[in-house]
Structure formats: structure tokens, C-alpha cells
Amino acid sequence: MQMTSMYKLDDDQILPLSLEHTFWTWSAQGKVNPIPVQRAQGVYFWDIHGKRYLDFNSMTMCVNIGHGDERVIQAICEQARALPYAGPSMATRPRAMLGRLLSEITPGDLNKFLFTLGGADANENAIKLARARTGRHKILSRYRSYHGATAGAMALTGDPRRVAWEPNLMPGVVHFLDPLRYRSTFHRTNPEISDEDFSLDYLNHLEEIIQYEGPETIAAVLLETVTGTNGIIIPPPGYLQGVRSLCDRYQILLIADEVMSGFGRTGKWFAVDHWNVTPDLMTMAKGLTSAYAPLGAVAMREDMAEFFNQRVFQSGLTYTAHPISLAAAIANIQVMQSDQLVERAANLGPVLHRMMVDLGEKHPSIGEVRSIGLFGAIELVRNRKTREPLAPFNHSSPEMDAFKKFMLERGVFLYTHWHTVLIIPPLIITQEQLAEGFEVLDQALEITDRAVSS
Ligand SMILES: Cc1ncc(COP(=O)(O)O)c(C=O)c1O
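Because the structure is predicted, anything quoted here is derived from the model rather than measured.

The rules behind each value
- Residues numbered from 1 in each chain as written.
- Predicted model: local features only at pLDDT ≥ 70, side-chain atom pairs only at ≥ 80, totals over all residues.
- Heavy atoms only, no water.
- Pairing = 2+ DSSP bridges.
- Helix = DSSP H or I, 4+ residues; strand = E, 2+ residues; numbered from the N terminus.
- Near = heavy atom within 4 Å.
- Polar contact = N/O pair within 3.5 Å; in protein donor to acceptor, adjacent residues only side chain to side chain.
- Nonpolar A, V, L, I, M, F, W, Y, C, P; charged D, E, K, R; others polar.
- Contact = heavy atoms within 4.5 Å.
- Expected span 1.5 Å × (residues − 1).
- Buried < 20%, exposed > 50% of the residue type's maximum accessible area, 1.4 Å probe, protein only.
- Arc of directions from axis to C-beta.

J.: Give a description of the sheet that holds strand S3 (residues 52–55) that names residues and reports values.
T.: As summarised here, the arrangement of the four strands in space is S1-S2-S3-S14, forming an open sheet in which the pairing is mixed. Strands with a single pairing partner mark the edges of an open sheet, and in this sheet they are strand S1 (37–41) and strand S14 (412–413). Note: S3 against S14, two bridges, orientation parallel. The residue bridging Leu-54 from the neighbouring strand is Val-412, located in S14.

J.: Give a description of the site of the ligand that names residues and reports values.
T.: The full set of residues close to the ligand is Gly-118, Gly-119, Ala-120, Asn-123, Tyr-146, His-147, Gly-148, Glu-224, Asp-257, Val-259, Met-260 and Lys-286. One of the backbone nitrogen or oxygen atoms of Gly-119 is found 2.8 Å away from an oxygen atom of the ligand. At a separation of 3.0 Å, an oxygen atom of the ligand approaches a polar side-chain atom of Lys-286. Take the shell around the ligand: its biggest share by element is three residues, from helix H5 (residues 119–134). Tallied by class, the residues present in the shell around the ligand amount to four nonpolar, five polar and three charged.

J.: An account of the side chain of Thr-448 is needed here, citing residue identities and associated values.
T.: Relative to the elements of secondary structure, Thr-448 occurs in helix H13 (residues 431–449). A polar atom in the side chain of Thr-448 sits 2.8 Å from the side chain of Ser-365. Setting aside chain neighbours within four positions, we find Thr-448 in contact with Ser-365, Leu-380, Leu-390, Glu-399 and Phe-403.

J.: Any details on helix H12 (residues 398–409)? Residues and values, ideally.
T.: Across its twelve residues, H12 extends 16 Å between first and last C-alpha, which sits within 8% of the 16 Å expected from 1.5 Å per residue. Among all positions in H12, only Met-400, Phe-403, Phe-406 and Met-407 are buried. Each buried residue of H12 sits inside an arc of 125 degrees when the element is viewed along its axis, so together they form one side. Counted as exposed and oriented over 90 degrees from the buried face of H12: Pro-398 and Lys-405. Buried residues along H12 sit in contact with strand S12 (375–383), S14, strand S15 (415–417), strand S16 (420–423) and H13. Trailing H12 by a residue or two, Gly-411 shows a phi angle of about 80 degrees, which is positive.

This is how it looks when you write it as C-alpha cells:
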């Protein structure tokens, strides 16, 4: 009998059928306009009409090693043939290998790993672990943050994506402010404050909240080490170490969400490595497999793991430690190691930063640029002096819409968050490819420059 491919479908049916029968996240169903993607290779992907896009967002900030790497595809195929699935209670070869491999690249004694399906449930599990370990229930997280879209992770999220589902989210989360100098409420009148004092002000703010909430009620402080979608907020000197000390002082656990900032994105394996801080729990996803298969993980310190030696950890999912995802992660990490992609991101970091600074000098609609490794943000403003954002809080604007449209028409795929443009390319990008994207950015910014008032 002749086998027919189960994927047989004409290209021109991809878009209409997807629209007719599938539901889209983060969207009004009647307003979506998806790109019908056909294939992807390196830093590019192509639609069904053969149009090429330069991927300046690593798809969903996750394809760190670039698209179509045969080594990872091969590992997935081999695992699918050998053992596509085993229950979460079973020991498998990829489970044995990935746990050890991760313990070699994570900081300090983060030596044990709980596998999840993605970033949101990694954070959910980190919260469960922290609450069980401390016997306390409150979690402090920051306003300019995103931690995932499940009910608990939504509650942890500080940005307005949380608000749509309130009040029916996980209780017990208290938010605090982020040390973002450019938009600091506390420093409008003394913007020249030293980094040390600036950090101290935000640490005092956090400590005040800890005291008001009652330290004995707080299980953990959770933060994105370097904030992602909310604008690449890089901890000022002393801040992260200060948060670590506050947590130690009040016996509160520190959870670093490295879902976006991990796996070479900032030029180190994990962003915490820049400040030599070891969190008690660290969550990861995205770059863990470079999205070749869905996977998240919670890294925990040895004493946390030991706490559960005689106690049951009451949680788990059918696809926990899915062998195909674990095999993808192993191959992905091996690719990062053999191609030295973390070093590459570190080396390209200053190149990207220079390009962003140069754009900033040329375009009056750029208020500030921030980057670390290949993790960059450009804040667009109507007025450099007042710093009025080019789109209102939690909205877009005609100028931002026109900017995005221009970029996409010219074949550069990137992500914008209100008035902020993110630049998060695969770590394999070359200087020439970065320049290719920046040439289009340079042209698109003429649109936003026209919105600037003096
Ligand atoms: C920092 C951070 N944490 C958590 C998540 C949630 O990850 P996922 O979408 O895999 O659930 C994301 C996703 O963008 C993220 O950026």
C-alpha cells in the first residue's frame, strides 16, 4: 500500500485553514494577520510566497541557536525512533544526560532540575517549591515583568497582561518597582545620582515593602534577572547582590526567571552570572531547547532538593521530562558549546550596542537604548526632554503601527512592546546580518522621527 504524507496540503491552504479552524492567543480573532511561514534557516525564515524575513526576535525570543540546525533535528529524530515517550516517573537516557549537563552550566549548587513544559509552569513550580520550603505564602515580583500566562504566572506578572484576568488569579503576590533609571519615579529631580545610590534607593523600596508585608509571610522574591519584554532592564551595579542580601536577611528565597535571559542571550550562560549571584531557584525555557521542542525547567539548590527527600512533591504533568524535548535540549546545549555561541553573544554585544547608540545619535525619536549581549531595547519618544513615550502606556499609536508595518514590509521581523522596540536576534547572527536589519531600522525611524515635537 502506498503511504501518503499526512502533511499533504497546498501552501495556499495554510492561511485560510489556519484562520478557519484554529484559535489565536493574545489576539482578537477577527483581527489576526498571521505570516504563513513555510521554512526557516539560520537567521531567516520564509513565507509561502518566498518572501524572506530577517528574524530580529529569534521568533518568540527563543531560537537562540538559529533556525534549522541539523544537529538538533537529528537528535529529535533519533530520540523519536528510540523512545518517543516515557512516563514522568521513569528514568531515561536523555533525562540522565540533561540533568548532568545543566548542572555543569548553571551557577553555584543549582544542581537539581525539575522539568516542565515551558516558562509559565516553570515559574508555577518554582512558587510551589518556595512555598512548601518556607511555609510562607507571599511572593514579591516586579511591575515591569512578564512571567507567563497560566493563572499563577499571570498573577506573578507585573505588566498589564495580568489585569485582564483579575481578580481570579493566584492570591498572595505583591508587586514592587523596577530599577529603571530612564523612567525612575524617584529620580526625576536628581537624575545624576550614582549607580550605587540609585541601587540603594530601589533596595530600600524593596525592604520597605518586605517590612510592610511582614517578612515572615514572604516565601520568595521573583524577578527576571534582566527584564525582557518590558524593556531590557539591566540591574544597576549592586542591585542584584543587594536583593540577594535582603533575601538572606529575611530568610526569603530568591527566584531568578531566566526564561528569556538564559542560554547565552546576555553573553553569559545565565544573566545572574554577570553579577555572581546564585538564586535559590532559577527558571528557564525558550533557549533551553532553542524552541526545537517545548521544554522548561526549574533549577534548585541542593538543600531545596533535600527538603523533599522524605516529603512528596505534589505536582507533575503527563509530559514532564518528555524524552523528545530533553533530547532537543541536550543537542541544543552541545551546539551552543561546540559553536561557542555564548562567547559569540558576548563578543557581538558591544557591536550591537554601538549600532544602537549610533541610531540614537541620528534619530530624535530615540529616547534611550539599552542592551546586554544580544538583548537590546530602543525606547521611542515624542520628546526627548519630557520622555513622553511614542505610544501611551499599554497601547500602540499610529506611528508605532506605521513603524512596525514598514519593518515587516521590508522583511525584518521584530517585536515591539508599546513604545519600545526589542532587538533579540539568534546568537548565530553575523555583523553583516545585524547591519542589514539596522539599515531597515534606520529608514523606519524616519517615520517615528516625524512624530517628535520639540
Ligand atoms: C521572562 C519570562 N518568563 C516566563 C515566560 C513564559 O514562558 P512560556 O511562554 O514558555 O510559558 C516568558 C515568555 O515570554 C518570559 O519572557
